[in-house]
Each structure stands twice: as C-alpha cells, then as structure tokens.
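Structure assessment
The residues making up each chain are set out below.
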Amino acid sequence: MNFTQKQSFAVFLDELVKKRVPEGHLLSVFVLGEDFKTNAEPLVELCNPGSGENKSAMTSNVERVRKTYEEKFIKPLMRQGEALQGTQPAKASPILEMLQLVAINGFRKHDVKGERRLFLMSDMLHNGSAFSMYRATPNFEDFSGTDYGRKTQADLKDVKVELHYLLNAPQLQTRRSLLFWENYFIKSGARLVDVRPLEG
C-alpha cells in the first residue's frame, strides 16, 4: 500500500473494529500473502467482549468490562493492523486459494450460524503459476469450467462480501475483472454487497 492507502486502511480498520463488529461476534483476520499455506490460519481471531457502554454500573463492573475491551480486543487488532501496513509486496497473490481457506478456517471451522460477512482489502488481481490476471481476465464461465477453476471454487454460502479495492493497476482492474469476481461469489453462494475503491 502507498502512503494514502495506508491512511485509508487505518481509518477503515478503526471503524470496523470499533463500530461494525457487534458485541459477541467473532472477528478473524487473514493475510493474503505469497504462500497461502503459511497463511491458512487467521493472523488474529478475537471475539468482541463489548465495551460496557450499554451495561449498568448497578449490575456490572463497567470499568473492568471497558478495560477488557480495550486491552483484549481493540489494542491487539490495532497492533496487527500496523504490522500489516509494513508488509512488503509479494511476487504471487493466490487470492482464490485464500478465499477457500477463509471459507474453511473462518466460517466452517466455527460453524457460524449468524451473520456472515467478509471484508476484502485487495487489488483482486489473482497471480499464480496456474492462473494470472496480469496476463488476462477470462470470462468467469470459461474459467470455472477449467480444472483450476473447479479446484479453487470456495463455499461461501450466505456470506455478504464487501470489497475495498486497492487500485494499484487500473488498466487491469476493469469492469471485466470486477464481473469475474461478482460471478465467482455468486457461484460460491455469496453476494458482493459493496465495492469501494480505497483512496490512493
């Protein structure tokens, strides 16, 4: 990420952690790295214990609840956010494999019954030896019929997907590319509910 993207990422993470993860909900953070096998498990995984703002001082130790919320939920996530911003660009970007791992180790592992939401921050340019969007973005139907397309299809049933788009290569990040991912998520059982270009 460039300087402006890092600023936007920091604001997004702050809003996500403090305002968009309800009390009692689990937040799992995965890293899209060069080697998907080393990033198969979440970098950090925490349940929001609640800030105590809706609790009564008569029935709860509000200060202790607030301290737990800050020390065990907010601070660890913000520290990881800062570490992520310093990550060097990778030579490969196995997005398809990582989406499978998020489906397995994020949603299925915990047997999530309530709301399922996936926040993606990426340029969405899959880049691997078997398939690279730096060469061309195929029609999704053609791709999904290939051996690699079938092998990398994820099960993201009932997941609402928000894409925060890193516009690092606008000449490749076209409507065709976005349509590929829209169709990919539809086939996976998910729905792309929001696409927001990240400033910078």
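The coordinates are above.
Presented here is a report on the structure given in the accompanying data block.

1. Comments concerning the nonpolar core
Membership of the largest hydrophobic core comes to 33 residues, with the highest contact counts inside it found for Trp181 and Phe185. Elements that contribute at least two residues to this core include exactly helix 3 (95–108), strand 3 (116–122), helix 4 (140–144), strand 4 (159–166) and helix 6 (175–188). By residue number, the principal contributor to this core is helix 3, which donates 8 residues. Every residue in contact with Trp181, bar those within four places of it in the chain, is listed here: Ile95, Leu96, Leu99, Met124, His126 and Met133.

2. Here's the deal with the side chain of Ser177
Residue placement: Ser177 occurs in helix 6. Look at Ser177 and you get buried, because its relative accessible area is 0%. With residues up to four places along the chain from it excluded, the contact list for Ser177 reads Met124, Thr137, Tyr165 and Leu172.

3. As for unusual backbone geometry
One non-glycine residue, Met124, adopts positive backbone phi at about 60°. By the element assignment, Met124 lies in the loop between strand 3 and helix 4. Judged by relative accessible area, Met124 falls into the buried class, the value being 0%. Although it is not a glycine, Asp158 adopts a positive phi angle of roughly 65°. Mapping Asp158 onto the fold places it in the loop between helix 5 (147–151) and strand 4. The exposed category is assigned to Asp158, whose relative accessible area is 54%.

4. Observations regarding helix 2 (residues 62–85)
Between its first and last C-alpha, helix 2 extends 33 Å over 24 residues, near the 34 Å set by a 1.5 Å rise per residue. Every buried residue of helix 2 is accounted for by Val65, Tyr69, Phe73, Ile74, Pro76, Leu77, Met78, Gly81 and Gln85.

5. With respect to helix 6
Taking 1.5 Å of rise per residue, the 14 residues of helix 6 would be expected to cover 20 Å, and the 20 Å separating its terminal C-alpha atoms lies within 8% of that figure. Buried within helix 6 we find Ser177, Leu178, Phe180, Trp181, Tyr184, Phe185 and Ser188. Across the axial projection of helix 6, the buried residues extend over an arc of 150°, all falling on one side. Exposed residues pointing more than 90 degrees away from the buried face of helix 6 are listed as Arg175 and Ile186. Elements that come into contact with the buried residues of helix 6 comprise helix 3, strand 3, helix 4, strand 4 and strand 5 (191–198). Two residues or fewer past helix 6, Gly189 is found with a positive phi of approximately 95°.

6. A word on the packing of helix 3 against helix 6
To describe two helices that pack against each other, one gives the angle between their axes and the distance between the axes. The geometry of helix 3 relative to helix 6 is characterised by a closest axis approach of 13 Å and an angle of 30° between their N-to-C directions. As summarised for this structure, helix 3 and helix 6 are arranged roughly parallel, according to the angle between their axes. With respect to the hand of their crossing, helix 3 and helix 6 are arranged in right-handed fashion. Across from Ile95, Leu96 and Leu99 in helix 3, the residues of helix 6 making contact are Trp181, Tyr184 and Phe185. Of the residues contributing to the contact of helix 3 with helix 6, the split by class is 6 nonpolar, no polar and no charged.

Here is what the cut-offs are and how they apply
- Residues numbered from 1 in each chain as written.
- Predicted model: local features only at pLDDT ≥ 70, side-chain atom pairs only at ≥ 80, totals over all residues.
- Heavy atoms only, no water.
- Core = buried A, V, L, I, M, F, W, Y, C linked by side-chain atoms within 4.5 Å.
- Buried < 20%, exposed > 50% of the residue type's maximum accessible area, 1.4 Å probe, protein only.
- Helix = DSSP H or I, 4+ residues; strand = E, 2+ residues; numbered from the N terminus.
- Contact = heavy atoms within 4.5 Å.
- Expected span 1.5 Å × (residues − 1).
- Arc of directions from axis to C-beta.
- Axes fitted to C-alpha atoms, helices over the stretch in contact; angles between N-to-C directions.
- Parallel < 35°, antiparallel > 145°, perpendicular 65-115°, else oblique.
- Left-handed = near helix turned anticlockwise from the far one by under 90°.
- Nonpolar A, V, L, I, M, F, W, Y, C, P; charged D, E, K, R; others polar.

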